[in-house]
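# Coordinates in review
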Amino acid sequence: MIQNNRLTKEQYGHNFSDIHPPFETKDAALVEANRCLFCYDAPCMKSCPTGIDVPKFIKQITTDNIKGSAHTIFQSNIMGAGCSKVCPVEKLCEGACVYNLMEEEPIPIAKLQRYATEKALYNKWQLFKRKEPAGKKVAIVGAGPAGLSCAHVLSREGIDVTIFEKESQGGGLMTYGIAAYKVTPQFCKDEVDYILSLGGIEIQYNKELGKHITLDELRNEYDAVYLAFGVGLARQLDIPGEELEGVEDAISFIYDIRSKGFDKVPVGDKVAVIGMGMTAIDAATQAKRLGAKEVTMLYRRTKDEMPCTQEELDIAMLDGCEITWLAAPKEILGKDGKVNALVASVMKLGEPDASGRRSPVATGETFTLEVDMVIKAAGQMPFEKLVSANGLQHKSGKISLNGNATTNLDGVFAGGDCVNGGKEVVDAVQAGKDGAAAIINYIF
Amino acid sequence: MADLSTNFLGIKSPNPYWLASAPPTDKKINVLRAFEAGWGGVVWKTLGSQVKNVSSRYSAVNFNGTRVMGFNNIELISDRPLDINLREIKECLKEFPDRAMIVSLMADNDRKSWHELIKKVEDTGAHGLELNFGCPHGMTERGMGAAVGQDPEIARMVVEWVMEAATIPVITKLTPNVHSVVPTGKAVVEAGTNALSLINTIQSVTGIDLDTFVPNPYVAGKSVFGGYCGPAVKPIALKFLATISQNETTRKVPISGIGGISTWKDAAEFMLLGSTSVQVCTAAMKHGFRIIEDLCEGLSNWMDEKGFATIYDFIGKSVPTLTHWEDLDINYHHIAKIDQDKCIHCGLCYIACEDTSHQAINLEYGKPYNTYTVKDAECVGCNLCQLMCPVTGCITMEEHRVAPEYINWKDWQAKGLPLNDH
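About the cut-offs
Residues numbered from 1 in each chain as written. Chains lettered and ligands numbered in written order. Predicted model: local features only at pLDDT ≥ 70, side-chain atom pairs only at ≥ 80, totals over all residues. Helix = DSSP H or I, 4+ residues; strand = E, 2+ residues; numbered from the N terminus. Domains from an automatic or database assignment. Nonpolar A, V, L, I, M, F, W, Y, C, P; charged D, E, K, R; others polar. Pairing = 2+ DSSP bridges. Axes fitted to C-alpha atoms, helices over the stretch in contact; angles between N-to-C directions. Contact = placed C-beta atoms within 7 Å.

### Observations concerning unusual backbone geometry
Residue and element names in this part refer to chain B. Residue Ser56 follows Ser55 across a cis peptide bond; omega there is 0°. In this chain, Leu198 is followed by Ile199 through a cis amide linkage whose omega measures 10°. With respect to the element layout, Ile199 can be found in the loop between strand E10 (195-198) and strand E11 (202-204).

### Side note on the domain arrangement of chain A
Residue and element names in this part refer to chain A. Assigned domains within chain A: domain 1 (21-122), domain 2 (137-232 + 382-443) and domain 3 (234-379). Each of domain 2 and domain 3 has a C-alpha centre, and the two are 30 Å apart. Residue classes in the side of domain 2 that touches domain 3 are distributed as 5 nonpolar, 3 polar and no charged.

### Quick notes on the sheet that holds E11(B)
Residues and elements named next belong to chain B. Reading across from one edge, E5-E6-E12-E11 is the order of the 4 strands in this open sheet, with antiparallel pairing throughout. Here the strands that pair on one side only, and so sit at the sheet edges, are strand E5 (58-63) and E11. Strand-to-strand twist of the sheet, defined as the mean angle between neighbouring strand axes without regard to direction, takes the value 45°.

### As for the sheet that holds strand E4 (residues 224-227) of chain A
All names here are of chain A. The sheet built from 5 strands is open, its strands ordered E3-E2-E1-E4-E17 with parallel pairing. Single-partner strands in this sheet number two, and they are strand E3 (201-204) and strand E17 (412-414). Here the strands of the sheet are splayed against their neighbours by 20° on average, with no regard to which way each runs. Looking at chain direction, E4 and E17 are connected through 3 bridges and run parallel. When the bridges of E17 are listed, Val225 appears paired with Val412.

### Structural notes on the interface of chain B and chain A
Listed as interface residues are 15 residues of chain B and, on the opposing side, 14 residues of chain A. Its residues assigned to classes, the side of chain B that touches chain A comprises 9 nonpolar, 5 polar and 1 charged.

Printed below as a string of structure tokens:
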């Protein structure tokens, strides 16, 4: 049975509390900061998509220069506070830390980054100053990580930025698409406010491209346009029964948790989650934390090919989610229009596909799971219609770039998930910086 | 199991570790706790004229998250009544007759005061006296402490007074607040002191509070120069000690080494440079008296490994290896080698050499890990990279003699061999 309000307020509070708690004290942060070797041409820095000077910001924590530390981080990554909570650091900076080569725990870079950036956020330190107004204006579509990052760089250069956002809040997937135990809605709001506190950036909420505004209007009214509207639609399973009540899209499931409140989001007794990416993990763990009795994750390949990190998989397993490898959904069965079972094919690995991973092939064997809810997290689809309707060159909906964040349309730039099809927040922040650099080059 | 027992001018102690004259040796309660913990002896905190102390008294230098790399005090000599100190010394001697009891003294600057003080102290049954010619603060302004130790002739005069009265061994403690400890050391040995101890604390300002702008330690909005000690001063102490061990006059008397000794390794180093006993204070103030256990066990295990049955087998052993620069072998050369299996690619060797030394390390770019190798022809063998490397044994210095024969700088110059070849 699918129902909401399964738990007490205390249980929700416990289940959705911060999964990576911050340092309790300055001394605790210093113990770790002082372990940092201050590597030269540091592997952590090279492994950060935004190239944060990690040794420098950690050194600055040890010298009591927290403002300097936060500035070092934000200079490379204006969403450095959020990234410290949501980045898969085990495969980025912390994964590259040289301590791993000594078989020692890596420096907790994310936790130290959180230490410095949260101080800046909550003390409202204004660490950047806008240049004199340049008399130029740029429109950005989408107030997610790519859009905000681009806007901040442009505004620092004295350019006036207007962001058009279809939702009622900024932050994009940071605000709407990530598990609540990683970032709270309040934090996301604070982070957006902090970015905007620089000045020169206006966000017009509830303004959707193609609905309330057109690309032609933006191109006419602004010196340049940056498209950072992300991806949206969940990939369809294209199997019978997908229309049944109880079949949900992971993104809207997570969106509801983030926007409505824990007790307002219904969840089944027995839930199947399709996919093994970060979003699938976030959906499965949160279904469990909302009170689902059983959660089973199905992935058509094996652990070796899974898109999520081991750390993420561990969260799901520690939450008690069942993991079924080599299983692809075949049909969803229902009764009275409601889901009551999922039929899955047993797969085996065949020849490598375009991604270089061995592709799953059905063995012909099937099994049936009794479930009352199916959450689809098999990836997201780009806004292909929107992209092609506006004459943008694209590859299956993903906007094509001619190098330097430039699209085929004059004065129109793009970056983030709408270009790459969906990567980490930190990748989007870097895309925003690249876009800003290209725009500055274009308009001056 | 090596024998750690020490005989210092007839003053016997079960091990060479004495607590230095300082707050840990100011009262019976502390000294008994130290003896119970296993300390070989104590130098009772300096007795002399009555003084009044201030609050606060200590400050420290921390480094990279480690507390008390250096320690600083502005405390004076014992501020307790003399008769109480004398009574407690006697009581401690009675309870632990097998431990060394030396009493530090700093009398007013006249013969009579010294004679009276020595008589009273000897009456306790103490085994030896240590003359405090080193206290760098508070007492110097009254013509005592370092004011005596900094002037060889005054020091000689005071030691002569002391030797007229003393019937037990006299150790003279030297101040490091001089360009060389040898002149005063020589003067007091010539005046008859039975032994030397060094170093006392080094005048210092440990730091300034960046909010109040007042240096520490803080006393009602002001501060004064204090006496610096702890691990930070060890290298300076070893250097002063070596000069005393090298001088033909001062090396005739036994030495009690002091200055930043925190571990058995430190103690072994002081002894290798000529100390018979060693004195500890800051390490005990940081960790308590329990550190004596490893001080003894570590030294004993090392002695066993080296085949030293008693401490007299290695005291002074390193003194002959300290030579003059112009006697060093110019043909000796070694080159750094990086063990690629141990390397963690931190780049610390590279940046140290590239920015501040001889550009002798090659960087081959990798993502995320660069590969670092030594350019043998550019390496001058300075050790910098090895010192900066965080992995023990990753960078080794391999010997590549320029030529087999020994040649020093003077001969090199005399033969007109090429200079500035690097």
